[in-house]
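Listed below are the residues making up each chain.
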Amino acid sequence: LTPPPRVAGGWACFFVALVGIGVITALVGDLAAHMGCCLGMKPAVTAITFVALGTSLPDTFASRTAAVKERHADSSIGNITGSNSVNV
């Protein structure tokens, strides 16, 4: 679906990826709202819970992978401190 980066100097790839991120974000937001409604949660609680989970889990798996694959886990420590400071 995404054109190779060599097409149009990478701009085509960039804009296709940007649209894809927007579509997936809208889909995840709608699914989270429906799930929160089914569970009887307030919209604010649903948003905070799913946004926190959605931003923290990928960072957790990336940090774990970096820690396992690197001898001193420097990338893992950088990822943890960087993602936590942004998430807060």
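This text goes with the structure placed above it.
Here we summarise the structure given alongside this text. (Residues numbered from 1 in each chain as written. Predicted model: local features only at pLDDT ≥ 70, side-chain atom pairs only at ≥ 80, totals over all residues. Heavy atoms only, no water.)

With that settled, consider the packing of aromatic side chains. Enumeration according to the criterion identifies three aromatic pairs in this entry. Where W11 meets F14, the ring centres are 5.8 Å apart and the plane angle is 90 degrees; that geometry is what we call edge-to-face. With W11 and F14 both in helix α1 (residues 11–39), this residue pair falls three residues apart, about one helical turn. Relative accessible area serves as the criterion here: at 55%, W11 is assigned to the exposed category. Residue class for F14 comes out partly exposed when judged on its relative accessible area of 42%. Here a set of aromatic residues connected by ring pairs shows up, and it is made of W11, F14 and F15. (Phe/Tyr/Trp six-rings, centres within 6.5 Å; stacked < 30°, edge-to-face > 60°. Helix = DSSP H or I, 4+ residues; strand = E, 2+ residues; numbered from the N terminus. Buried < 20%, exposed > 50% of the residue type's maximum accessible area, 1.4 Å probe, protein only.)

Below, the discussion takes up the environment of A17. Inspection of the secondary structure puts A17 in helix α1. You can call A17 partly exposed: its relative accessible area is 35%. Spatially, the C-alpha atoms of A17 and L1 are 9.2 Å apart, while their sequence positions differ by 16 residues.

Mapped onto the fold, L18 is located in helix α1. Here L18 falls in the partly exposed class, since its relative accessible area comes to 45%. In this structure the C-alpha to C-alpha distance between L18 and G40, which are 22 residues apart in sequence, comes to 33 Å.

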